[in-house]
Amino acid sequence: MTDDRSPDSCCAPERGSDGEPDRSENVDRSVGAPGGTGIGPTRRLEGGPFRMGTDEDVGFEGDGEGPAREVVVDPVEIEIHAVTNAEFYRFVDDTGYTTDAERYGWSFVFEPFRPEGAPVAGSAGGAEWWTGVEGACWHRPEGPGSSVVDRLDHPAVHVSWNDAVAYCEWAGARLPTEAEWEYAARGGLEGRRFPWGDELEPGGNHRSNVWQGEFPTHDTGADGYVGTAPVDAFEPNGYGLYNVVGNVWEWCADAFDPDYHERTASSNPIGTDGEARSMRGGSYLCHESWCNRYRVAARSKNTPDSSTGNIGFRCILEG
């Protein structure tokens, strides 16, 4: 695809090289009652062969969405929705864990969401709609003055790959591989763009939380949400999984490799080449004019310590 879009900055910016994070444990976590019980409900899927990737020319060439090929995955037991703020709170409350965003002292916030006067830590090069906001983290998603108290059923965000792995270890789980994620996200449908078919809004019905209107200046919220939605919003896919596209990006276990489909095995593949980590599913900021990565075959990446207001994760249980 040839156009004037910025292929990475429209999704989730990378944390730059700005020194080591502050490892102090003096972090304010006054977010109210936890309201969660650890890992959420899961579905056991039988696994087997499925067609992964796409041959369509609808994404960014550097993402390596194809060629489509038959892949086999083992049976998996995956959470039906992304990890919530309530669930992440329980993890933090139980372990005293400090996220990368808290250690660095800032995280990336979509600029229109930044509270007036919130201190700025920097900007993402080439994307004026992303701002590093001091104090932004999982329990202060827009920075000082914001809170997740009224969003405990929304996905935890400002969570780095490192943070997601730490949560999974605490929960006796792990991150899905890209193959496991895509197999689960397709919900049993073969070769479709979305978990429900090929139309983004079949019959005019919104099936995911993505951007409507002019990006990045105005989101009409026609799907019911501006920013994150509850993790169980919209109809689940054929496997009973919620919001596998839209809402928030989801970390995967793999190192990101643009040649993934050509360099990994056909049975339980996992990317091992590269420093960046893979993300799947797109987010509430996705719009076809800039970033149409809300498709099940779409891929993106970020560094393991990066965090933004549109990246979360879900777990796969071990054993």
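Summary of the structure given here.

Cut-off values and rules
Residues numbered from 1 in each chain as written. Predicted model: local features only at pLDDT ≥ 70, side-chain atom pairs only at ≥ 80, totals over all residues. Heavy atoms only, no water. Helix = DSSP H or I, 4+ residues; strand = E, 2+ residues; numbered from the N terminus. Buried < 20%, exposed > 50% of the residue type's maximum accessible area, 1.4 Å probe, protein only. Contact = heavy atoms within 4.5 Å. Areas by Shrake-Rupley, 256 points an atom, 1.4 Å probe, with all protein chains shown as cover. Pairing = 2+ DSSP bridges. Axes fitted to C-alpha atoms, helices over the stretch in contact; angles between N-to-C directions. Parallel < 35°, antiparallel > 145°, perpendicular 65-115°, else oblique. Nonpolar A, V, L, I, M, F, W, Y, C, P; charged D, E, K, R; others polar.

1. What about the overall build of the protein?
Phase 1 of the analysis: A count of helices and strands for the protein gives five helices and 15 strands.
Phase 2 of the analysis: The buried share of the protein, reckoned over its 319 residues, is 57%.
Phase 3 of the analysis: Taking the intrachain contacts of the protein between residues at least 6 apart in sequence as the baseline, contacts between residues at least 24 apart amount to 73%.
Phase 4 of the analysis: For the protein, the exposed surface amounts to about 12,600 Å²; the carbon and sulfur share of it is 45%.

2. Considerations on the sheet that holds strand β13 (residues 300-302)
Phase 1 of the analysis: Strand order in this open sheet of four strands is β13-β12-β11-β14, and the pairing throughout is mixed. In the strand order of this sheet, the two ends are held by β13 and β14 (311-312), each with one partner.
Phase 2 of the analysis: Strand direction decides the pairing type here: strand β11 (residues 249-255) and strand β12 (residues 277-280), joined by three bridges, are antiparallel. Following the sheet pairing, A255 is matched in β12 by R277.

3. A look at the pairing of strand β7 (residues 127-134)
Phase 1 of the analysis: The element β7 is extensively covered by neighbouring structure, given that six of its eight residues are classed as buried.
Phase 2 of the analysis: With five bridges connecting them, strand β5 (residues 106-110) and β7 associate as antiparallel partners. In the strand pairing of β7, V109 is matched with T131.

4. Focus: helix α1 (residues 85-95)
Phase 1 of the analysis: Of all the residues in α1, the buried ones are N85, A86, E87, F88, Y89, F91 and V92.
Phase 2 of the analysis: Tucked into the core, α1 has its buried residues touching β4 (76-79) and α3 (161-171).
Phase 3 of the analysis: A positive phi of about 70° marks G96, the residue just after α1.

5. Quick word on the packing of α1 against α3
Phase 1 of the analysis: Closest axis-to-axis distance for the α1/α3 pair is 11 Å, and the angle between their directions is 75°. With respect to α3, the axis of α1 lies roughly perpendicular. Residues E87, F88, R90, F91, D94 and T95 of α1 form the contact with α3, whose participating residues are A166, Y167 and W170.
Phase 2 of the analysis: When its residues are assigned to classes, the contact of α1 with α3 shows five nonpolar, one polar and three charged.

6. Let's talk about unusual backbone geometry
Phase 1 of the analysis: In this model, G66 is joined to P67 through a cis peptide bond whose omega is 10°.
Phase 2 of the analysis: Tracing the backbone shows P67 in the loop between β2 (48-52) and β3 (69-73).
Phase 3 of the analysis: Backbone torsion omega between F215 and P216 reads 5°, so that peptide bond is classified as cis.
Phase 4 of the analysis: On the secondary structure map, P216 appears in the loop between β9 (213-214) and β10 (218-219).
Phase 5 of the analysis: The backbone phi angle of H158 is positive, close to 55°, even though this residue is not glycine.
Phase 6 of the analysis: Residue position: H158 is located in the loop between β7 and α3.
Phase 7 of the analysis: Here H158 falls in the buried class, since its relative accessible area comes to 0%.

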